[in-house]
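What follows is the residue order along each chain.
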Amino acid sequence: MSDYRETQNLIHPDKTNILMATIVVILIVIVTLQLWIMYGALNSSEDSNQVFVWAAFGASLLLFIAGLWLLKYLPDTKAKEVKDPDNPYV
Amino acid sequence: MSQDNNNKTPVWKSDFPIKQDESTLISRRKFTKLLCLLSGGLALGTGAIAIKSVACPRARIGGEYFVCEASELPVGGMKSSIIINDKTETPYILIHLAEDKWRCFAQKCTHLSCSVLYRPDMKKIMCPCHEGAFDPETGEVLQGPPPRPLPQISVIVREGKVYLTDKA
């Protein structure tokens, strides 16, 4: 059996942290871009520029799908320790 | 199996924890999901804007709308009024820029819908709210926060009478 994963975890103990922070930053960038696109769409709809408005909707939807896809790479949570296994309310 | 269930924190407890530090803690996983939810909301909002722009296009005057006699408005003068249509009311300003040169624009500033006014001394259409300025010839933005030009309305002068109509 390969011990690649164990060795990698030993070398990079903060791997999960970096992965999580990267996903959060990318999602913040996505939301910022979507806000900018929405502002442009509002202005263009007032200007009766239909082509831009629909293109903006497509772009916003694509960004949302990209964000959803990113959730796939969210690291799993660690199992919580239960102090008293006989009493779940502790 | 029952042992596994006993080890799990009940759902009600994770949603409404007793300890204060647990209730105020928002994990990065939760924050990420919240960002994704916000992203979906923004995509839906942009879609709603697109649908609204198709379903409710800008109101049109429809035909010619009589305003006043051409002699009533001297050169450099401005007249503001409202075009009352079946569905909408459109406030506008009619400007007599020069002899045989008339311009008409919607009176709502494209920034926050304040009423704009023509200033003949500055040769600009000014918005008093945030000092936005528009070109009286074309309606283009000259200064300030307005994001787009003033919508223009066509002016027809026939037999000494001024009419307004939709811009082609």
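Throughout this document, residue positions are counted from 1 along each chain, in the order its sequence is written. Working convention: letters from A go to chains and numbers from 1 go to ligands, in the order in which they are written. The predicted nature of this model means local features are confined to residues of pLDDT at least 70 and side-chain atom pairs, given and counted, to a pLDDT of 80 or more, with totals for whole chains, interfaces and linings taken over all residues. With hydrogens and water stripped out, all remaining heavy atoms of the structure feed into the side-chain values.

Some details on the pairing of strand β10 (residues 161-165) of chain B
On a regular strand, each side chain points to the face opposite its neighbour's, so the side chains alternate between the two faces of the sheet.
All names here are of chain B.
Turning to step 1, where the next piece is worked out: Burial here depends on accessible area, computed with a 1.4 Å probe over protein chains only, as a share of the maximum for the residue type. Under 20% is buried, over 50% is exposed, and the range in between is partly exposed. Segments assigned H or I by DSSP are reported as helices when at least four residues long, segments assigned E as strands when at least two residues long, and all are numbered from the N terminus. Along β10, four of the five residues are buried, which leaves the element largely enclosed by surrounding structure.
Turning to step 2, where the next piece is worked out: Here strand β1 (residues 65-69) runs beside β10; their pairing, made up of four bridges, is antiparallel. Bridge pairing in β10 places Cys-68 opposite Val-162.
Turning to step 3, where the next piece is worked out: For two strands to be treated as a pair, DSSP must find no fewer than two bridges joining them. Relative to β10, strand β9 (residues 152-158) is paired through five bridges, and the arrangement is antiparallel. Within the sheet, the bridge partner assigned to Ser-154 lies in β10 and is Thr-165.
Turning to step 4, where the next piece is worked out: Hairpin connection from β9 to β10: two residues lie between these consecutive antiparallel strands, with Glu-159 at a positive phi of about 50 degrees.

Some points on the environment of B:Gly77
Turning to step 1, where the next piece is worked out: Of note, B:Gly77 is situated in the loop between β1 and β2 (78-84).
Turning to step 2, where the next piece is worked out: Residues are treated as being in contact if the distance between any of their heavy atoms lies within 4.5 Å. With residues near it in sequence (within four places) discarded, B:Gly77 still touches B:Leu94, B:Ile95 and B:His96.

So, the sheet that holds strand β8 (residues 141-143) of chain B
All names here are of chain B.
Turning to step 1, where the next piece is worked out: Spatial ordering of the open sheet is given by β5-β6-β7-β8, a layout of four strands whose pairing is antiparallel. What marks the edges here is a single partner per strand, and that holds for β5 (117-119) and β8. On average, each strand axis in the sheet is tilted by 40 degrees relative to the strand beside it, whichever way the strands run.
Turning to step 2, where the next piece is worked out: In this structure, strand β6 (residues 124-127) lies alongside strand β7 (residues 132-134), joined through three bridges in antiparallel fashion. Within β7, the residue paired with Ile-125 across the bridge is Phe-134. Between the N-to-C directions of two axes lies an angle of 0 to 180 degrees, each axis being a line fitted to C-alpha atoms and, for a helix, fitted only over the stretch in contact.

Some remarks on the pairing of β6(B)
All names here are of chain B.
Turning to step 1, where the next piece is worked out: Of the pairings in the sheet, the one linking β5 to β6 comprises three bridges and is antiparallel in character. Paired with Arg-119 across the two strands is Lys-124, which belongs to β6.
Turning to step 2, where the next piece is worked out: A loop of four residues connects β5 with β6, the two strands running antiparallel in sequence, and Lys-123 in this loop sits at a positive phi of about 55 degrees.
Turning to step 3, where the next piece is worked out: Counted between consecutive antiparallel strands, the loop separating β6 from β7 contains four residues, among which Glu-131 sits at a positive phi close to 60 degrees.

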